[in-house]
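Summary of structural features
Now for the letters of each chain:
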Amino acid sequence: MREKKNHLYVDSQERSILLHSLVELKNQLIQQGRYTDCVDELIFKVVHAPIKKLRVELAGGSDVR
C-alpha cells in the first residue's frame, strides 16, 4: 500500500514562521541532549520545497493572486 502524501500551501510569512519555529524546536532538543534528525529533515523539506503560485477566489467573486 502506498504512503499517503499531504501538501501544505503557505505564503512567505507563514513559511518564515514555520522555519523559525522548527529551528527553535531543534535548539530545545539540543539543550535536552535529544536527537534532532526528524526536525532536521523537516527543515530541509521546507527550505527546498518548490514555490507554487496559486489563484484564490473569494466568496464575493473577486480574485486574489
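Residues numbered from 1 in each chain as written. Predicted model: local features only at pLDDT ≥ 70, side-chain atom pairs only at ≥ 80, totals over all residues. Heavy atoms only, no water.

1. Overview of the overall build of the protein chain
Within the protein chain one finds 2 helices and 2 strands. Beginning at the N terminus, the succession of helices and strands in the protein chain can be written as α-α-β-β. Rg of the C-alpha trace for the protein chain: 16 Å, well past the compact-globule value of 11 Å for 65 residues, more than 25% over. By principal-axis analysis of the C-alpha atoms, the protein chain measures approximately 55 × 35 × 20 Å. Of all intrachain contacts in the protein chain linking residues separated by at least 6 positions in sequence, the fraction that spans at least 24 positions is 28%. (Helix = DSSP H or I, 4+ residues; strand = E, 2+ residues; numbered from the N terminus. Rg over C-alpha atoms; globule rule 2.2 N^0.38 Å. Contact = heavy atoms within 4.5 Å.)

2. Description of the layout of surface pockets
Taken as a whole, the largest pocket spans an internal volume of roughly 1000 Å³. Considering the residues around the largest pocket, the lining is formed by 24 residues, among which Leu8, Tyr9, Val10, Ala49 and Pro50 are closest to the centre. Mapped onto the lining of the largest pocket, the elements with two or more residues apiece are helix H1 (12-31) and helix H2 (37-47). If you tally residues by element for the lining of the largest pocket, the top one is H1, at 4 residues. (1 Å grid on protein atoms, 1.4 Å probe; cavity = no way out; pocket = protein on both sides within 12 Å on 5 of 7 lines; lining within 4 Å. Points joined across faces, edges and corners; volume = space filled by probe spheres on them.)

3. What about the side chain of threonine 36?
Inspection of the secondary structure assignment puts threonine 36 in the loop between H1 and H2. Not counting residues within four places of it along the chain, the set of residues in contact with threonine 36 comprises Lys26, Leu29 and Ile30.

4. With respect to the environment of lysine 45
Mapped onto the elements of the fold, lysine 45 is located in helix H2. Each C-alpha atom of the pair lysine 45 and isoleucine 17 lies 15 Å from the other, and the pair is 28 residues apart in sequence.

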